[in-house]
Amino acid sequence: MLSERRLEVLRAIVHDYVGTEEPVGSKALTERHHLGVSPATVRNDMAALEEEGFIAQPHTSAGRIPTDKGYRLFVDRLAGVKPMTAPERRAIHHFLDGAVDLDDVVGRTVRLLAQLTRQVAVVQYPSLTRSTVRHVELLSLAPARLMLVLITDTGRVEQRMIDCPAPFGETSLADLRARLNSRVAGRRFSDVPQLVQDLAESFDKDDRGTVTTVLSTLLETLVEETEERLMIGGTANLTRFGHDFPLTIRPVLEALEEQVVLLKLLGEATDSGMTVKIGHENAHEGLSSTSVVSVGYGSGSEAVAKLGVVGPTRMDYPGTMGAVRAVARYVGQILAES
């Protein structure tokens, strides 16, 4: 274990390197920070930190910069994330409050995260496999044509047209709507097939064909919509950090184009806690010079999806983690109220 003093020296190095982009020397550290020890002691502490792999010397006669291992310890020993200021909180509220539907919520969240953190923002759409049915609406468009509208607890709305095998009256439609919702409203998508499997048999013989068609359409909708979707924004922010990527920015951009890679990066949605992956902790080779900060969001206590940011390892971790957490909380509130 590092002594508290050496940890303090490491924190000072991270703070200065993130702020100045310049390797940090012992003289500058002693001048900028109240470490309470002599420059010689700071030099000894830096030598020890370097020996243990927490900092490195990028080239001769330069100061030191944090390594992935150094950033990891810095993040693990953070006393707390940087809270949002009152104007920032108001801006988040104002920006997200105007959203009209789920696509708009996700789009606004991506833009907001990218602006707040000046990194690349990634937002996963709420996963339907973890969603519940809020309501199923059935509307008559013609004697033998219906519209099915599926509304989820996260505000997602799916519409399907249904051609019925025979005309279906308003009374039968109202009956089906009521019986269907009494079984599936408030229930998880994964439970729906079992909940409706014998529903058609409880209707008159003349109506069973249409009821079966409606139920088949509902189940097909649930299956179709379980694929994961993402929205990404702020990729141009990476160009500000060109010198933070050892060779070129291209591998990072290529990795960000792959949805599967991004979904893996964000991690399992069911894990709602804050996750920080630093440098080589990211399995994808193209992202070994980046850090990913992600957290789950949802309309209740359970996360239905993840959101986060991707940026260089030279990142303001307390500020980025604070912004990601605050935005996730607001998005969760909006979904709960929608």
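Residues numbered from 1 in each chain as written. Predicted model: local features only at pLDDT ≥ 70, side-chain atom pairs only at ≥ 80, totals over all residues. Heavy atoms only, no water.

The name that an unreviewed UniProt entry assigns to the protein is Heat-inducible transcription repressor HrcA, with the source organism given as Streptomyces alboflavus. According to UniProt, the comment filed for the protein under the heading Function (unreviewed entry) is "Negative regulator of class I heat shock genes (grpE-dnaK-dnaJ and groELS operons). Prevents heat-shock induction of these operons." (UniProt positions renumbered as here; feature names shortened; annotations may be inferred.)

Engineer: Outline helix H12 (residues 317-337), listing residues and values.
Structural biologist: A rise of 1.5 Å per residue sets the reference length of H12, with its 21 residues, at 30 Å; its end C-alpha atoms lie 30 Å apart and thus fit the reference within 8%. For H12, the tally of buried residues reaches 16 of 21 residues, placing the bulk of the element in the interior. (Helix = DSSP H or I, 4+ residues; strand = E, 2+ residues; numbered from the N terminus. Expected span 1.5 Å × (residues − 1). Buried < 20%, exposed > 50% of the residue type's maximum accessible area, 1.4 Å probe, protein only.)

Engineer: Could you give me a rundown of the packing of helix H1 (residues 4-20) against helix H3 (residues 39-51), with the residues and numbers involved?
Structural biologist: For the pair H1 and H3, interaxial distance at closest approach is 10 Å and the crossing angle is 85°. By the angle between their directions, the pair H1 and H3 is classed as roughly perpendicular. Across the interface between the two elements, Arg-5, Arg-6, Val-9, Leu-10 and Ile-13 of H1 pack against Thr-41, Asp-45, Met-46, Ala-48 and Leu-49 of H3. By residue class, the composition of the contact of H1 with H3 is six nonpolar, one polar and three charged. (Axes fitted to C-alpha atoms, helices over the stretch in contact; angles between N-to-C directions. Parallel < 35°, antiparallel > 145°, perpendicular 65-115°, else oblique. Contact = heavy atoms within 4.5 Å. Nonpolar A, V, L, I, M, F, W, Y, C, P; charged D, E, K, R; others polar.)

Engineer: Please provide a residue-by-residue account of the packing of aromatic side chains, values included.
Structural biologist: Two aromatic rings are characterised by how far apart their centres lie and by the angle between their planes. Taken as a whole and judged by the stated rule, the model has one aromatic pair. Ring centres of Tyr-71 and Tyr-317 lie 5.6 Å apart, and the angle between their planes is 50°; on these two criteria the pair is classed as tilted. Here the residue Tyr-71 occupies a position in helix H4 (residues 68-76), and Tyr-317 occupies one in helix H12, the gap between them amounting to 246 residues. Judged by relative accessible area, which is 2%, Tyr-71 ranks as buried. (Phe/Tyr/Trp six-rings, centres within 6.5 Å; stacked < 30°, edge-to-face > 60°.)

Engineer: Please set out the domain arrangement of the protein residue by residue, giving values where relevant.
Structural biologist: Taken as a whole, the protein is organised into domain 1 (4-77), domain 2 (86-126 + 229-337) and domain 3 (129-225). A C-alpha centroid distance of 62 Å is found between domain 1 and domain 3. (Domains from an automatic or database assignment.)

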